[in-house]
Amino acid sequence: MAHADLPDSGTNSSPWPALDYAAWKDTCATLHLWTQIVGKIRLTQTPWLNHSWHVPLYVTARGLTTSPMPFGARTFQIDFDLIDHRLLIETSDGAVTTLPLKPRPVADFYRDLMAQLAALGLDVRIHTTPNEIVDGIPFEQDQQHASYDAAQAHNFWLALVQSDRVLKQFRAGFIGKCSPVHFFWGSFDLAVTRFSGRTAPQHPGGVPHCPDWVMREAYSHEVSSCGFWPGGEMLPEPLFYAYAYPEPPGFNAAAVRPAGARYNPDLHEFILPYDEVRRADAPDTRLLEFLQSSYDAAANLGTWDRAALERTLPA
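As the structure is a prediction and not an experimental result, all values here were calculated from the model.

Grouped together as the largest cluster of nonpolar side chains are 75 residues, with contacts concentrated most on Ile 41, Phe 80, Leu 113, Leu 117 and Phe 290. Element by element, the count of residues in this core is highest for helix H1 (residues 21-45), at nine residues. Per-domain counts for this core show at least three residues from each of domain 1 (21-141) and domain 2 (150-308). Among the nonpolar cores identified, the runner-up in size contains 17 residues, and Trp 53, Ala 200, Tyr 241 and Ile 271 belong to it.

One open sheet accounts for six strands, arranged S7-S8-S9-S10-S12-S11; its pairing is antiparallel. Looking at the sheet topology across the chains shown, the edges are occupied by strand S7 (182-184) and strand S11 (262-264). On average, each strand axis in the sheet is tilted by 35 degrees relative to the strand beside it, whichever way the strands run. Where S7 lies against strand S8 (residues 189-199), three bridges are found, and the strand directions are antiparallel. Of the residues in S8, the one forming a bridge with His 182 is Ala 191. Sheet strands touched by helix H3 (residues 150-171): S7, S8, strand S9 (221-229) and strand S10 (239-245). Its angle to S8, the strand with the most contacts, is close to 25 degrees.

What the domain assignment lists for the protein chain is domain 1 (21-141) and domain 2 (150-308). Domain 1 and domain 2 are separated by 24 Å when their C-alpha centres are compared. Between domain 1 and domain 2, the contact holds 39 residues from the first and 40 residues from the second. When the buried surface of domain 1 facing domain 2 is broken down by residue, Tyr 21, His 51 and Glu 132 rank first, second and third, together holding 24% of it.

Calculation rules
- Residues numbered from 1 in each chain as written.
- Predicted model: local features only at pLDDT ≥ 70, side-chain atom pairs only at ≥ 80, totals over all residues.
- Heavy atoms only, no water.
- Core = buried A, V, L, I, M, F, W, Y, C linked by side-chain atoms within 4.5 Å.
- Buried < 20%, exposed > 50% of the residue type's maximum accessible area, 1.4 Å probe, protein only.
- Helix = DSSP H or I, 4+ residues; strand = E, 2+ residues; numbered from the N terminus.
- Domains from an automatic or database assignment.
- Pairing = 2+ DSSP bridges.
- Axes fitted to C-alpha atoms, helices over the stretch in contact; angles between N-to-C directions.
- Contact = heavy atoms within 4.5 Å.
- Buried area = accessible area lost by both parts, 1.4 Å probe.

Now the structure itself:
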């Protein structure tokens, strides 16, 4: 079959940064909620696309962006600048305003962002309960999450930059229906999803503060999905993941490479620790091996029509 080439690029001196979840978990929790506020603005202002593809953020050369969003005949965009640590709001009529990214409660960030939007004539309203978080505190009430370590946030973005680059290369070998590489602020992960073209069994739902119909529409068709996640209380380490929905028989026992990859029965996903990639002599090769072998398992065991869905990349 046509597989993406596995280039031998990246070395131990390459810009894959160290990312210690224990050291930055408080900043991670705060930044997660800040991205939810901005992401919900995009959700509110953008026409609904299949599988919620209208809601994610995208990795940029400085951070994360909503991409342009309509407001009547105007357009505006919100960017997280994780180099100069500011939130940038720009409009199509030339207005520019910023909000510093610094230690501050989520409630203050929410209040100041909404005030700046109102001052620009952008009357935006969002649902203020965080999504996909158990016991989430409404944004306007959240004084608990207030950490922001600029260096750690910068390292997280650098990890996204490298992951985004390799995931885009992996995506290029597939000509069937496939998502963009995008950052989901609900689950706080960078993801890309390939589709077999066949419908899937109804998803059970049950995701905290996320309507079941959203999850059922997101997984309406068979998928092989992979991405990068910076870690959480359940698994306190950054990692790459890969899963299939529905999971075909035998997927959990598939020979997914490299040696550091393992199947997690609680997540129903293969996972590869980020450090296994970062410390490799050829990080790109190590990650692409994981992405390709996990997809091979999903597609072969799920009897996908691979000849119709894949292509050989130009040299």
